[in-house]
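Spelled out from the first residue to the last, the chains are:
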Amino acid sequence: MAFTLSNRTISKVGVIGSGQIGPDIALYFTKVLAPFGVPIVVVDISDQALAAGKKKVEKKVQKGVEAQAFKPDQAEAMLKNLTFTSDYEALSGASLVVEAATEDEKIKRKIMAQLESVLAKDAIIASNSSHMEPEVIFAETKNPERTLVVHYFFPAERNIMVEVVPGKQTAKAVADWTMKFYENIGKVPIKIGSRYGYAIDPIFEGIFYVAAMGVEAGWGSVKQVDEMAKKALGLGVGPFTAMNLTGGNPISNHGLDQYTTKINSWWRSPKILKDQLAKNAPWETAGRDEKVEYTPEQYKKVADFMTGAYFGIVCEILDSGISNVGDLDMGVSTALVMKPPFTSMNELGVKESLRLVESYAKTQKNFHVSESLKKQAATGKPWTIPVVFREDRDGVALITIRRPAVLA
């Protein structure tokens, strides 16, 4: 058995890395592909990581059974379909491999060389890098036309959003097929142009950065700013809580410092984050059902600054040309569980949204006010946010309606 889509057949899928996110990616693959008889192979050089990854998947599947998300026989089939191994030769015959190893250029390039030694030339190789450009990751590959980034979001087995980031040498057919593949297996992919951090992580890390600077500036404690930011932006969890849940402190520290040269000099990793890393401790955030007190004046300041920064960050990404209004609006709300940016600007009023961005920019060195936002405000009209798409194929009109919440 196999999974066939648009003249490409998937007979085996590989996942490299059994650490933070690899097992979750493998869990989703086995859920959707086990019925097609497509085995999933997880490879890691660490036996300890393999054992921990396998245990993690088994625990999540068992919880799924208890929650009646999976029937017992389905759960059994999913687990039997998964192999955890340190042997790269087990990937022989794989048609698709997703690398989800450490965010280290040398390690990723070493993995790519190992993959090319065992995979067929037409197998697709994807990286789940959260920041690195595909041109960097795949710089030394022999067949870069079959490579690209597919960036998952936490938790990967449940979050339906993925960023598909082709490199300059990625074949269009490979990028197009990858988009269709993820659509067919229940994910919501958005295609993003190649830039460090892609489109969604600079928003996730940018919101955290603004909140961290707010704590440094005396807006309130970590616990207070976390709760106020959550309320202001409609976040599922506050920015500090999100860092605790995702284990994101180290990679965000590196990413924020890289944005300084990759995007602009407003970005940097704040001192409060570097201090927290040195302590190797989670952020002190509110416990379950804990009520956090703050004044109305505190909240208004935090809400205005967080909202202005949020709109400014999103619109800078729009200005960069790597994404568009529709994808950003859907992508941010789905991946990060927060108010969709352009819908929120329309509800608030685009001119008022620009005022908040300009007000925040006055307090910040090198925080640029988006030209796209200025132009939209000048029209006096709301943003146009497409949700219905038409594709004509062999004389048949295919209509796609975006309703990602239905899939979540």
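A short tour of the structure in this document, coming up. On a predicted model such as this, the values are computed, not experimentally measured, just so you know. (Residues numbered from 1 in each chain as written. Predicted model: local features only at pLDDT ≥ 70, side-chain atom pairs only at ≥ 80, totals over all residues. Heavy atoms only, no water.)

Comments concerning the overall build of the protein
Part 1 of the reasoning: Counting its secondary structure elements, the protein contains 17 helices and twelve strands.
Part 2 of the reasoning: The dimensions of the protein, computed from C-alpha atoms along their principal axes, are 60 × 55 × 45 Å.
Part 3 of the reasoning: Each of the 408 residues in the protein was classed as buried or not, and the buried ones make up 52%.
Part 4 of the reasoning: Nonlocal contacts in the protein, meaning residues at least 24 apart in sequence, comprise 73% of its contacts between residues at least 6 apart.
Part 5 of the reasoning: Within the structure as shown, the protein displays about 18900 Å² of accessible surface, and the carbon and sulfur contribution to it stands at 52%.
Part 6 of the reasoning: Side chains of the protein carry 49 positive and 47 negative charges; the gap between the two charge centres is 2 Å. (Helix = DSSP H or I, 4+ residues; strand = E, 2+ residues; numbered from the N terminus. Buried < 20%, exposed > 50% of the residue type's maximum accessible area, 1.4 Å probe, protein only. Contact = heavy atoms within 4.5 Å. Areas by Shrake-Rupley, 256 points an atom, 1.4 Å probe, with all protein chains shown as cover. Lys, Arg positive; Asp, Glu negative; His and termini not counted. Charge placed at Lys NZ, Arg CZ, Asp CG, Glu CD.)

Focus on the nonpolar core
Part 1 of the reasoning: One finds Leu115 and Ile203 to be the most contacted residues of the largest nonpolar core, which totals 86 residues.
Part 2 of the reasoning: If you tally residues by element for this core, the top one is helix H12 (residues 296-320), at eleven residues.
Part 3 of the reasoning: With near-sequence residues (within four places) excluded, Leu115 lies in contact with Ile16, Tyr88, Leu91, Val97 and Ile125. (Core = buried A, V, L, I, M, F, W, Y, C linked by side-chain atoms within 4.5 Å.)

With respect to the packing of helix H8 (residues 222-233) against helix H9 (residues 239-246)
Part 1 of the reasoning: Orientation of H8 relative to H9, taken along the N-to-C sense of each, is 100 degrees, at an axis distance of 7 Å. In terms of their interaxial angle, H8 and H9 are classed as roughly perpendicular. Where H8 abuts H9, its residues Val222, Val225, Asp226 and Ala229 lie against Pro239, Phe240 and Thr241.
Part 2 of the reasoning: Each residue belonging to the contact of H8 with H9 can be placed in one class, and the counts come to five nonpolar, one polar and one charged. (Axes fitted to C-alpha atoms, helices over the stretch in contact; angles between N-to-C directions. Parallel < 35°, antiparallel > 145°, perpendicular 65-115°, else oblique. Nonpolar A, V, L, I, M, F, W, Y, C, P; charged D, E, K, R; others polar.)

So, the environment of Trp266
Part 1 of the reasoning: Mapped onto the secondary structure, Trp266 falls in the loop between helix H10 (249-262) and helix H11 (271-279).
Part 2 of the reasoning: Remark: the alpha-carbon pair of Trp266 and Asn366, spanning 100 residues in sequence, is separated by 5.0 Å.
Part 3 of the reasoning: Not counting residues up to four positions away in its chain, the partners in contact with Trp266 are Tyr209, Val210, Met213, Ile313, Tyr360, Gln364, Lys365, Asn366 and Phe367.

Some points on the sheet that holds strand E7 (residues 124-127)
Part 1 of the reasoning: In space, the eight strands of this open sheet follow the order E5-E4-E3-E6-E7-E8-E9-E10, with mixed pairing throughout. Taken across any chain shown, the strands that pair with only one partner, and hence form the sheet edges, are strand E5 (82-85) and strand E10 (188-191). Strand after strand, the sheet turns through a mean of 25 degrees between neighbouring axes, direction not considered.
Part 2 of the reasoning: In the packing of helix H1 (residues 22-33) onto the sheet, contacts are made with strand E3 (13-16), strand E4 (40-43), E5, strand E6 (96-99) and strand E8 (147-152), and the angle to E3 comes to roughly 165 degrees. (Pairing = 2+ DSSP bridges.)

Quick notes on the pattern of salt bridges
Part 1 of the reasoning: Under the defined criterion, the tally for this structure stands at 20 salt bridges.
Part 2 of the reasoning: A salt bridge links Asp24 to Lys56; the shortest N-O distance between them is 3.3 Å. Of this pair, Asp24 sits in helix H1 while Lys56 sits in helix H2 (residues 47-66), and the two are 32 residues apart along the sequence.
Part 3 of the reasoning: Residue classification places Lys56 among the partly exposed residues on the basis of a relative accessible area of 25%.
Part 4 of the reasoning: Between Lys262 and Glu133 there is a salt bridge, and its shortest N-O distance comes to 3.3 Å. Of this pair, Lys262 sits in helix H10 while Glu133 sits in the loop between E7 and helix H5 (134-137); the two residues are 129 residues apart in sequence, bridging distant segments of the chain.
Part 5 of the reasoning: Residue classification places Glu133 among the buried positions, given a relative accessible area of 13%. (Salt bridge = Lys/Arg side-chain N within 4 Å of Asp/Glu carboxyl O.)

Some remarks on helix H16 (residues 371-379)
Part 1 of the reasoning: Those residues of H16 lying buried are Leu373, Gln376 and Ala377. Viewed along the axis of H16, the buried residues span an arc of 100 degrees, placing them on a single side of the element. Pointing more than 90 degrees away from the buried face of H16 are the exposed residues Lys375 and Ala378.
Part 2 of the reasoning: Measuring from the backbone nitrogen of Ser372 back to the side-chain oxygen at the start of H16 gives 3.1 Å, which picks out Ser370 as the cap.
Part 3 of the reasoning: Positive backbone phi, approximately 75 degrees, marks Gly380, located one or two places after H16. (Arc of directions from axis to C-beta. Polar contact = N/O pair within 3.5 Å; in protein donor to acceptor, adjacent residues only side chain to side chain.)

Let's talk about the layout of surface pockets
Part 1 of the reasoning: Approximately 810 Å³ is the volume attributed to the second largest pocket.
Part 2 of the reasoning: Looking at the second largest pocket, it is lined by 29 residues, and the ones nearest its centre are Glu183, Pro189, Phe389, Thr400 and Arg402.
Part 3 of the reasoning: The set of elements that each furnish at least two residues to the lining of the second largest pocket consists of helix H6 (172-184), E10, helix H13 (325-336), strand E11 (388-393), strand E12 (396-401) and helix H17 (404-407).
Part 4 of the reasoning: When residues in the lining of the second largest pocket are grouped by element, the largest group, five residues, is from H6.
Part 5 of the reasoning: Grouping the constituent residues of the lining of the second largest pocket by class yields 14 nonpolar, five polar and ten charged. (1 Å grid on protein atoms, 1.4 Å probe; cavity = no way out; pocket = protein on both sides within 12 Å on 5 of 7 lines; lining within 4 Å. Points joined across faces, edges and corners; volume = space filled by probe spheres on them.)

Considering the packing of helix H7 (residues 201-216) against H10
Part 1 of the reasoning: Look at H7 against H10: their axes get within 10 Å of each other, and the N-to-C directions meet at 100 degrees. Taken together, the axis directions place H7 and H10 in an arrangement best described as roughly perpendicular. Here Asp201, Pro202, Phe204, Glu205, Phe208 and Tyr209 of H7 come into contact with H10, specifically with Ile251, Ser252, Leu256 and Tyr259.
Part 2 of the reasoning: Here the contact of H7 with H10 is built from residues that sort into seven nonpolar, one polar and two charged.

Topic: empty space enclosed by the protein
Part 1 of the reasoning: Evaluated as defined, the whole model comprises one cavity of 30 Å³ or more.
Part 2 of the reasoning: Of the volumes computed, that of the largest cavity is approximately 80 Å³.
Part 3 of the reasoning: Along the walls of the largest cavity sit Ile263, Asn264, Trp266, Trp267, Gly312, Ile313, Glu316, Asn366, Phe367 and His368, which together make up its complete lining.
Part 4 of the reasoning: Class assignment of the residues belonging to the lining of the largest cavity gives a composition of five nonpolar, four polar and one charged.

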